[in-house]
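# Secondary and tertiary structure notes
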Amino acid sequence: MNAPELLLVDDDPGMIQVMAGALKGMGRIRFAMDGHQALAKVHEHVPDLVLLDGDLPDISGFEVCRRMKADPALADVPVIFVTGYLEPADELRGLEAGASDFITKPISEPLLVARVRTQLRVKALTDTLRAVAATDGLTGQANRRSFDEALQREWARANRTGQPLALLMMDVDHFKAYNDHYGHPAGDDCLRRVADAASDSLRRPTDVLARYGGEEFVVLLPNTDGSGAEDVAARIQSRLRDAALPHATSQTADHVTVSVGIAVYPPRSAGPAAPGLAPERLTQAADEALYAAKQAGRDRTWRQDILDAQPSPAAPGGCPLPSTDSPATRDAQGSAA
Ligand SMILES: Nc1nc2c(ncn2[C@@H]2O[C@H](COP(=O)(O)OP(=O)(O)OP(=O)(O)O)[C@@H](O)[C@H]2O)c(=O)[nH]1
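Residues numbered from 1 in each chain as written. Predicted model: local features only at pLDDT ≥ 70, side-chain atom pairs only at ≥ 80, totals over all residues. Heavy atoms only, no water.

### Here's the deal with the packing of helix α2 (residues 35–44) against helix α3 (residues 61–70)
- Contact geometry for α2 and α3: axes closest at 10 Å, N-to-C directions at 25°. Of the possible angle classes, the one that applies to α2 and α3 is roughly parallel. As for the relative orientation of α2 and α3, their crossing is right-handed in sense. Taken together, the residues of α3 that come into contact with α2 (itself represented by G35, A38, L39 and V42) are V64, R67 and M68. (Axes fitted to C-alpha atoms, helices over the stretch in contact; angles between N-to-C directions. Helix = DSSP H or I, 4+ residues; strand = E, 2+ residues; numbered from the N terminus. Parallel < 35°, antiparallel > 145°, perpendicular 65-115°, else oblique. Left-handed = near helix turned anticlockwise from the far one by under 90°. Contact = heavy atoms within 4.5 Å.)

### Concerning the packing of helix α1 (residues 13–22) against helix α5 (residues 109–134)
- Running from N to C, α1 and α5 point in directions that differ by 65°, and their axes come no closer than 10 Å. α5 is crossed by α1, and the crossing has right-handed handedness. Together, V18, M19 and A22 of α1 and E109, L112 and V113 of α5 make up the contact between the two elements.
- Here the residues of the contact of α1 with α5 are counted per class, giving five nonpolar, no polar and one charged. (Nonpolar A, V, L, I, M, F, W, Y, C, P; charged D, E, K, R; others polar.)

### Section: the sheet that holds strand β3 (residues 49–52)
- One open sheet holds the five strands; their spatial order is β2-β1-β3-β4-β5, and the pairing between them is parallel. The open sheet is flanked by β2 (28–32) and β5 (101–104), the only strands paired with a single partner. Mean inter-strand twist for the sheet, computed between neighbouring axes without regard to direction, equals 20°.
- In this structure, strand β4 (residues 79–83) lies alongside β5, joined through four bridges in parallel fashion. Each residue of the ladder has a partner; that of I80, found in β5, is D101. (Pairing = 2+ DSSP bridges.)

### Quick notes on the packing of aromatic side chains
- Taken as a whole and assessed by the stated rule, the structure comprises six aromatic pairs.
- Aromatic pair F147 and Y212: ring centres 5.7 Å apart, planes at 85°, arrangement edge-to-face. Taken together, the residues F147 in helix α6 (residues 144–161) and Y212 in strand β7 (residues 208–213) connect sequence positions 65 residues apart. By the burial criterion, F147 is buried, and Y212 matches it.
- A centroid spacing of 4.0 Å and a plane angle of 10° characterise the contact between W155 and Y265, whose relative ring orientation is stacked. In this pair, W155 sits in helix α6 while Y265 sits in strand β9 (residues 258–265), placing the two residues 110 residues apart along the sequence. The two residues W155 and Y265 agree in class, both being buried.
- The lysine or arginine in question, K41, covers the ring of F31, its NZ or CZ lying 5.7 Å from the ring centre.
- A cation sits over an aromatic face here: R144 above Y212, 3.9 Å from the ring centre. (Phe/Tyr/Trp six-rings, centres within 6.5 Å; stacked < 30°, edge-to-face > 60°. Buried < 20%, exposed > 50% of the residue type's maximum accessible area, 1.4 Å probe, protein only. Lys NZ or Arg CZ within 6 Å of the ring centre and 35° of its normal.)

### Thoughts on the nonpolar core
- Within the largest apolar cluster, 29 residues are counted, with the highest numbers of intra-cluster contacts made by L168, M170, V194, L221 and I236.
- Listed by contribution, the elements that provide at least two residues to this core are β6 (165–172), α7 (175–182), α8 (184–200), β8 (216–222), α9 (226–243) and β9.
- Examining the composition of this core, we find that six residues originate from one element, α8, more than from any other.
- Discounting chain neighbours no more than four positions away, the residues touching L221 are P164, L165, A166, L168, L202, D207, A229 and V232. (Core = buried A, V, L, I, M, F, W, Y, C linked by side-chain atoms within 4.5 Å.)

### Re the side chain of D207
- Position of D207 among the secondary structure elements: in the loop between α8 and β7.
- Buried D207, no salt bridge; nearest opposite-charge side chain is R204, N-O distance 5.2 Å.
- When residues no more than four places from it in sequence are discounted, the contact partners of D207 are L202, L220, L221 and P222. (Lys, Arg positive; Asp, Glu negative; His and termini not counted. Salt bridge = Lys/Arg side-chain N within 4 Å of Asp/Glu carboxyl O.)

### Quick look at the pattern of salt bridges
- Tallied over the entire structure, the rule returns 21 salt bridges.
- E5 is paired through a salt bridge with R30; the nearest N and O atoms lie 2.8 Å apart. Of the two residues, E5 sits in strand β1 (residues 5–9) while R30 sits in strand β2, which places them 25 residues apart along the sequence. Here the two residues E5 and R30 agree in accessibility, since each one is buried.
- One salt bridge in this structure joins D305 and R303, with 3.0 Å as the shortest N-O distance.
- Overall, the relative accessible area of 28% leaves D305 in the partly exposed class.

### Side note on the site of the ligand
- Near the ligand there are 17 residues, and of these H174, F175, D188, R211 and K294 occur at the shortest range.
- With respect to the ligand, the backbone of V172 contributes an N or O atom lying 3.1 Å from an oxygen atom.
- A distance of 2.7 Å separates a nitrogen atom of the ligand from a polar side-chain atom of N179.
- Here the ligand has 670 Å² of accessible area as a free molecule, and 69% of this is covered by the chains.
- Of all the secondary-structure elements, those providing two or more residues to the shell around the ligand are β6, α7 and α8.
- Sort the elements by how many residues they give to the shell around the ligand and α8 lands first, with four residues.
- Each residue belonging to the shell around the ligand can be placed in one class, and the counts come to four nonpolar, five polar and eight charged. (Near = heavy atom within 4 Å. Polar contact = N/O pair within 3.5 Å; in protein donor to acceptor, adjacent residues only side chain to side chain. Areas by Shrake-Rupley, 256 points an atom, 1.4 Å probe, with all protein chains shown as cover.)

Keep in mind that these numbers describe shape and distance, not what the molecule does.
Below you can see the structure in the form of structure tokens.
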């Protein structure tokens, strides 16, 4: 685990020196000498703990704390007020602004160390719980809940920037037959291998792979158009072909294959989405495209772009993209799912 990062905020350099000396060895220490500097530093790199003077020359420490707590990216960072205020009303003010603890000056070094240690322990635990809550236990990839958050965030970003947002929805073909033939533990292992193939096919840190449920995965590709998304789908299918995981009871191929539905949201320009368009429309379109890929014979990709405010039926806009070199490519239309 990385060393925790502590931000010390005080307009008195002597005070910063004393605290830094007392906390030496407990983490990486940075400092700021006014409220604006403190806010700039927490945005630049999110710390694990902030020690905050209530009385700063520009904006008050209470205001710094309030602004941090209002920002979802910073809300979990514990803040300890280190201040000359002694009145219970001031302590209450700090706690109401979102502070985790309160230390009065002049500080006792052992007390400072003990309280910092407690808050760092709580922060480490919170980080672990947050990571567990966002992760699928079987594959180690993001889970549905985490995907839902990413979709909301990236949808808003696409509207802000005018950049396209693509979504792949991917489902293992004939997976019930796989489980029935090889057993559930082997089925679990197969899902891990599919997740690895998908994960290894992603090149940008902003791409989000998640297990959507059962044997279904999604990949959210910010700033990616239809052809970029098709490339990703082709890479995943190619890796699975190379992995050649035997699937003796598949009616599609002798190895494990996936069907992929792609939906792309191309905002026409930066600004609010057209009325009636919501992120759920993207998942719906990808799901419809996936259904079309299954209907068309599996082991292939279909794509549907969201162009209009009014949802439209999937099939007419669908674009079949059989994966290359696979037996399914040579099939005409596959049987219905
Ligand atoms: N081993 C294992 N199986 C799972 C898991 N989650 C879902 N499944 C199984 O996945 C299978 C999905 O079957 P269906 O939805 O009928 O689809 P399919 O057999 O893949 O058929 P097509 O999608 O039409 O190609 C079911 O048998 C589920 O029990 C899991 O975590 N582990």
